[in-house]
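So the chains spell out like this:
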Amino acid sequence: DRLNDLEKHAEDPEKITRTRKLEGKDPSQPELLKKTEELELRLAEKEEQLLEKDFLYEQVSKLSDRIRIKAENGKEDTLTCAKKINKMKNKIKDTTRKMMSQIAELSMQQANCIKLQQEVRDKEKFVETCHARMEQGLPPSGEIKQEWKRLVREERIRQLEREEKTRIQEEEEQHFL
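These numbers were taken from a predicted model, which means no experiment stands behind them.

A. Highlighting the overall build of the protein chain. Counting its secondary structure elements, the protein chain contains three helices and zero strands. Reading the secondary structure of the protein chain in the N-to-C direction produces α-α-α. What you see for the protein chain is a C-alpha radius of gyration of 61 Å, clearly larger than the 16 Å of a compact globule of 177 residues, by over 25%. Taken along its principal axes, the extent of the C-alpha atoms in the protein chain is 180 × 50 × 30 Å. When each of the 177 residues of the protein chain is scored for burial, the buried share is 2%. Seen as two clouds, the 39 positive and the 40 negative side-chain charges of the protein chain have centres 4 Å apart.

B. Representation of the pattern of salt bridges in the model. Inspection of the entire model under this criterion finds nine salt bridges. Aspartate 94 serves as the salt-bridge partner of arginine 97, at 2.9 Å between the closest nitrogen and oxygen. Residue arginine 97 and its partner aspartate 94 are both found in helix H2 (residues 29–135); the two are separated by three residues, about one turn of the helix. Looking at arginine 97, the relative accessible area reads 54%, which means it is exposed. A salt bridge links glutamate 154 to arginine 158, with the nearest nitrogen and oxygen atoms 3.6 Å apart. Taken as a pair, glutamate 154 and arginine 158 lie in helix H3 (residues 142–176) at a separation of four residues, close to a single helical turn. Classification of arginine 158 as partly exposed rests on a relative accessible area of 39%.

C. Summary view of the confidence of the model for the protein chain. In this model, the protein chain carries a mean pLDDT of 90, and residues with pLDDT of at least 70 account for 99%. Within the protein chain, H2 carries the highest mean pLDDT (94), whereas helix H1 (residues 2–11) carries the lowest (85).

D. Quick peek at the environment of leucine 116. With respect to the secondary-structure elements, leucine 116 resides in helix H2. Look at leucine 116 and you get partly exposed, because its relative accessible area is 44%.

E. Main features of a nonpolar patch on the surface. Together, Met99, Met100 and Ile103 make up a nonpolar patch on the protein surface, roughly 310 Å² of accessible area in all. The topology assignment puts methionine 100 in helix H2. Look at methionine 100 and you get exposed, because its relative accessible area is 53%.

F. Region of the structure containing a positive patch on the surface. A cluster of basic side chains, namely Lys35, Arg42, Lys46 and Lys53, defines a positive patch on the protein surface. Summarising the element assignment, lysine 46 is placed in helix H2.

G. Expanded view of the environment of threonine 166. Structurally, threonine 166 can be placed in helix H3. Remark: the alpha-carbon pair of threonine 166 and valine 152, spanning 14 residues in sequence, is separated by 21 Å.

What counts, and at which threshold
- Sequence order as written defines the numbering, with residues in each chain counted from 1.
- Under the rules for a predicted model, residues below a pLDDT of 70 receive no local features and side-chain atom pairs below 80 are neither given nor counted, while totals for whole chains, interfaces and linings still include all residues.
- Where side-chain values are given, they derive from all heavy atoms of the structure, hydrogens and water being excluded.
- Elements are defined by DSSP. Helices are runs of H or I of four residues or more, strands are runs of E of two residues or more, and each kind is numbered from the N terminus.
- Here the globule rule is a power law, 2.2 Å times the number of residues to the power 0.38, and the radius of gyration is based on C-alpha atoms.
- Throughout, exposure labels follow a simple rule: accessible area from a 1.4 Å probe, protein chains only, divided by the maximum for the residue type, with under 20% read as buried, over 50% as exposed, and the rest as partly exposed.
- Think of it this way: Lys and Arg go in the positive column, Asp and Glu in the negative one, and His and the chain ends go nowhere.
- We put the charge of a Lys on NZ, of an Arg on CZ, of an Asp on CG and of a Glu on CD.
- A carboxyl oxygen of Asp or Glu within 4 Å of a side-chain nitrogen of Lys or Arg is what we treat as a salt bridge.
- Residue-level confidence of the predictor, termed pLDDT, takes values from 0 up to 100.
- Each patch is built from residues that are more than 30% exposed by relative accessible area and take part in no salt bridge. Like charges join if they lie within 9 Å; nonpolar side chains (Val, Leu, Ile, Met, Phe, Trp, Tyr) join within 5 Å.
- Shrake-Rupley sampling with a 1.4 Å probe provides the accessible areas, and residues are treated as covered by the protein chains on show and by no other component.

Shown next, in the form of structure tokens:
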């Protein structure tokens, strides 16, 4: 409503208060031309700056587009690299596990080897002791003496059994004749 009232007041030619005179002087024609030239020069400078900014904006846009494309390609490369790294990590873990099991097996073999080497040294000492006793005219060892007696006894028993078998067979043969 106020806007309509103000429009009616400004449009009514009979009202003297509808316009008012501005104070100051109007510039002359040469001053206006000079002012216009200055404004045109400023406008030209501003347009040139605007064109430069547009050019920079286009260049920055092109560079940012290239960088964005490289970044997207880099994401794919990064994903591929990450997958390869994960595969390699898994291979390393598997290889490490295999190596650990091989090391454990090797340790067991080394322990067994040390045990066998100790047995060899013990047997060599035993053989040396046996040779020394035999050089003195004694049996190699008490155990071997017992074993020898047992073997001799078993051989006698077998011999007696063979003789007994032979005797029984001879008697049977004579008995059948």
